[in-house]
Amino acid sequence: MGWLDGKVALVIGGGSGIGRGVVDTFVQEGASVAVLEINPQKVSSLQGLGASVKPVQGDATVYEDNERAVGQTIDAFGRLDILVVCVGVWDYFADLPNIPAGKISSAFDELFAVNVKSNLLSAKAALPELLKTEGSIVLTVSNSGFYPAGGGPLYVASKFAVRGLITELAYELAPKIRVNGVAPGGTITDLAGLKSLEQHHMSMAAVPNLPDIMRSTTPLQVVGTPEDHAWAYVYLASKERSRTVTGTIIHSDGGMGVRGVGKVAGLLQD
Ligand SMILES: NC(=O)c1ccc[n+]([C@@H]2O[C@H](COP(=O)([O-])OP(=O)(O)OC[C@H]3O[C@@H](n4cnc5c(N)ncnc54)[C@H](O)[C@@H]3O)[C@@H](O)[C@H]2O)c1
């Protein structure tokens, strides 16, 4: 028996990376899953997954696209129990001294539209259906929602803002809808850079030594995969197992919050 048997989820940004890990794990756990995804190639790759996955091409920063995705979820599967938001863009560590003054305003608007506004629009569009099922929302934070230097000020501030949405929405939507988050640590994915900072050609996989840096700076000495993080989403989405949990964020980051000062982890050799 799966932890999500008979449940219906909508995953925003489920075409690759952590969102795709969530889609695959939710299906494995018995859910039917609709996906709102902007990239047509990723939409095509989701189309091959069979009857339990319904891809919808669209932009999560546009309210009408979120509304259409909710409508197509209901048409395909008849209900909506779980909204997961996994869209995001990164700023590739662009720090304040180095962001060109002429580009900072457009970079802020681009990054906050994808990383923050999309969460609010998706939650608004899904709200009527989630109220009917007394369902739940899971948003994607990051280690950058808690600690500095996982990006520049634009990315870090956007992830603190997602924490703010979780806190406020968990209050506003209780007692009917639970609202929680997952904060993954560094994960090698397709996470895109900002067009306004000409970073769209950049890839995480090409950042030198990134997996080694991620591993060596976490107490558990691990680099998480999308599948590792996906189980936190499954737990938060499973009403039977997490019905007392709201306003919480699960850290899936190798223990960044317990990193030592003298040495990263207690049992490491000096
Ligand atoms: N990769 C990491 O190290 C890491 C760490 C912590 C948190 N995160 C967060 O995890 C989330 C997922 O990122 P990822 O690393 O899996 O990257 P990813 O690029 O593989 O996944 C994001 C998905 O969202 C889609 N998308 C982007 N903008 C969209 C839009 N406007 N409308 C619809 N779909 C859109 C992309 O095409 C992609 O399929 C993001 O919120 C990111 O900030 C990533």
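What you are looking at is a predicted structure, and each value in this text was computed from that prediction instead of being measured.

J.: Let's hear about the side chain of Asn-119: which residues, and what values?
T.: Relative to the helices and strands, Asn-119 resides in helix α4 (residues 104–133). Note on Asn-119: relative accessible area 3%, which makes it buried. Non-local contacts of Asn-119, meaning those with residues more than four positions away in its chain, are made with Val-85, Val-114, Leu-139, Val-162 and Leu-165.

J.: Give a detailed account of the packing of helix α1 (residues 17–28) against helix α7 (residues 226–237), specifying residues and quantitative values.
T.: Taken N-terminus to C-terminus, the directions of α1 and α7 make an angle of 55°; their axes are 8 Å apart at the nearest point. With respect to α7, the axis of α1 lies oblique. You can see that α1 and α7 cross each other, and the crossing is right-handed. Counting all contacts with α1, which are made through Gly-17, Ile-18, Gly-21, Val-22, Thr-25, Phe-26 and Gln-28, the residues of α7 involved are Pro-226, Glu-227, His-229, Ala-230, Trp-231, Tyr-233, Val-234 and Ala-237. For the contact of α1 with α7, the residue count by class is nine nonpolar, five polar and one charged.

J.: Please provide a residue-by-residue account of the sheet that holds strand β1 (residues 8–12), values included.
T.: Strand pairing in a sheet relies on backbone hydrogen bonds. The paired strands run either parallel or antiparallel. Spatial strand order, β3-β2-β1-β4-β5-β6-β7: seven strands in an open sheet with parallel pairing. Of all the strands in the sheet, just β3 (53–57) and β7 (249–252) have a single pairing partner and so form its edges. With direction set aside, neighbouring strand axes in the sheet form an average angle of 15°. Two strands pair when backbone bridges link them, and strand β5 (residues 136–140) and strand β6 (residues 178–184) are joined in this way by five bridges, in the parallel orientation. For Val-138, the partnering residue across the bridge sits in β6 and is Asn-180. Lying on the sheet, helix α3 (residues 63–77) is in contact with β1, β2 (32–37) and β3; it crosses β3 at an angle near 155°. Against the sheet, α4 engages β1, β4 (82–85) and β5, with an angle of about 175° to β4.

J.: An account of the pairing of β3 is needed here, citing residue identities and associated values.
T.: Across five bridges, the pairing between β2 and β3 is parallel. Considered in β3, the bridge of Ala-34 is made with Lys-54. For the crossover that starts at β2, traverses helix α2 (residues 40–47) and ends in the parallel β3, the hand is right-handed.

J.: Lay out α3 in plain terms, naming residues and giving numbers.
T.: Over its 15 residues, α3 runs 21 Å from end to end, which matches the ideal 21 Å to within 8%, given 1.5 Å per residue. For α3, the full list of buried residues reads Asp-65, Asn-66, Ala-69, Val-70, Thr-73 and Phe-77. Angularly, the buried residues of α3 cover 140° about the axis, an arc narrow enough to put them on a single face. Looking at the buried residues of α3, the elements they touch are β1, β2, β3 and α4. Just downstream of α3, Gly-78 is the residue with a positive phi angle, here 85°.

Quick notes on the rules
- Per chain, residue numbering runs from 1 following the sequence as it is written.
- Confidence filtering applies because this is a predicted model: local features only for residues at pLDDT of at least 70, side-chain atom pairs given and counted only at 80 or more, and all residues used for totals across whole chains, interfaces and linings.
- Hydrogen atoms and water are omitted, and side-chain values are computed over all heavy atoms in the structure.
- The helix and strand labels rest on DSSP assignments: H or I over at least four residues marks a helix, E over at least two residues marks a strand, and numbering proceeds from the N terminus.
- The buried label applies to any residue whose accessible area, calculated with a 1.4 Å probe on protein chains only, is under 20% of its type's maximum; exposed applies above 50%, and partly exposed to all values in between.
- For this analysis, residues touch if any pair of their heavy atoms sits within 4.5 Å.
- To define axes, lines are fitted to C-alpha atoms, for helices over the stretch in contact only, and angles between the resulting N-to-C directions are given on a 0 to 180 degree scale.
- For this classification, under 35 degrees means roughly parallel, over 145 means roughly antiparallel, 65 to 115 means roughly perpendicular, and everything else is oblique.
- Handedness of a helix crossing follows the sense of rotation of the near helix relative to the far helix, less than a right angle counterclockwise being left-handed and clockwise being right-handed.
- Note that Gly is not counted as nonpolar here; it falls among the polar residues with everything else outside the nonpolar set of Ala, Val, Leu, Ile, Met, Phe, Trp, Tyr, Cys and Pro and the charged set of Asp, Glu, Lys and Arg.
- When DSSP locates at least two bridges between a pair of strands, those strands are taken to pair.
- With its strands directed away from the observer, a crossover is right-handed exactly when the path from the first strand over the helix to the second travels clockwise.
- By definition here, a helix of n residues has an expected span of 1.5 Å times n minus one.
- What the arc describes is the spread of directions from the helix axis to the C-beta atoms.

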